[in-house]
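This is what each chain is made of:
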Amino acid sequence: MAEEANNDIKSMSFEQALEALEKIVEDLERGDVPLDQSIKIYERGEALKKHCDKLLKTAEDKVEKIRLSREGQAAGSEPLDQG
């Protein structure tokens, strides 16, 4: 059920997901959200965090694959391992 409500997260950019996560944190910190709603938005926050982590890991992998020339200049990149 919660998974269906969070299907939109998969299409979010990192910036969009981070902004939504920051809004959730603000709402929860305010403390004026009913308990059942707090649980729902907390679960959405967890899904947003996982999405952000995945996007960051993908970006880190790409950065690690950048090849440098002898002069230290970017000389292209290697394909990501498909394991």
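This is a predicted model, so every value here is computed, not measured.

Enquirer: I'd like a rundown of helix α3 (residues 35–64), residues and numbers included.
Expert: An ideal rise of 1.5 Å per residue puts 44 Å on 30 residues; α3 measures up with 43 Å between its terminal C-alpha atoms. All buried positions along α3 are accounted for by Ser38, Ile41, Gly45, Leu48, His51 and Cys52. On its buried face, α3 sits against α2 (14–30).

Enquirer: Any chance you could break down the confidence of the model for the protein for me, citing the residues and the numbers?
Expert: Averaged over every residue, the pLDDT of the protein is 84; the share at 70 or more is 75%. Taken element by element, the predicted model of the protein shows its lowest mean pLDDT in helix α1 (residues 2–5) (63) and its highest in α2 (95).

Enquirer: Outline a negative patch on the surface, supporting the account with residue identities and numerical values.
Expert: Together, Glu19, Glu22, Glu26 and Glu29 give the surface a local cluster of negative charge. With respect to the helices and strands, Glu29 occurs in helix α2.

Enquirer: Give a detailed account of the pattern of salt bridges, specifying residues and quantitative values.
Expert: Under the defined criterion, the tally for this structure stands at 6 salt bridges. The partner of Asp32 in a salt bridge is Arg30, and the shortest N-O contact between them spans 3.1 Å. The two residues Asp32 and Arg30 agree in class, both being exposed. Across the salt bridge formed by Lys49 and Asp53, the nearest N and O atoms sit 2.9 Å from each other. With Lys49 and Asp53 both in helix α3, this residue pair falls 4 residues apart, about one helical turn. Judged by relative accessible area, Lys49 falls into the partly exposed class, the value being 41%. Each of Lys23, Asp27, Arg30 and Asp32 takes part in one network of salt bridges that share partners.

Enquirer: So what about the side chain of Asp27? Which residues, and what values?
Expert: Secondary-structure assignment places Asp27 in helix α2. At 2.9 Å, the side chain of Asp27 and the side chain of Lys23 are in polar contact. Every residue in contact with Asp27, bar those within four places of it in the chain, is listed here: Asp32, Val33 and Ile41.

Cut-offs applied
- Residues numbered from 1 in each chain as written.
- Predicted model: local features only at pLDDT ≥ 70, side-chain atom pairs only at ≥ 80, totals over all residues.
- Heavy atoms only, no water.
- Helix = DSSP H or I, 4+ residues; strand = E, 2+ residues; numbered from the N terminus.
- Expected span 1.5 Å × (residues − 1).
- Buried < 20%, exposed > 50% of the residue type's maximum accessible area, 1.4 Å probe, protein only.
- Contact = heavy atoms within 4.5 Å.
- pLDDT = per-residue confidence, 0-100.
- Patch = residues over 30% accessible without salt bridge, like charges linked within 9 Å, V, L, I, M, F, W, Y side chains within 5 Å.
- Areas by Shrake-Rupley, 256 points an atom, 1.4 Å probe, with all protein chains shown as cover.
- Salt bridge = Lys/Arg side-chain N within 4 Å of Asp/Glu carboxyl O.
- Lys, Arg positive; Asp, Glu negative; His and termini not counted.
- Charge placed at Lys NZ, Arg CZ, Asp CG, Glu CD.
- Polar contact = N/O pair within 3.5 Å; in protein donor to acceptor, adjacent residues only side chain to side chain.

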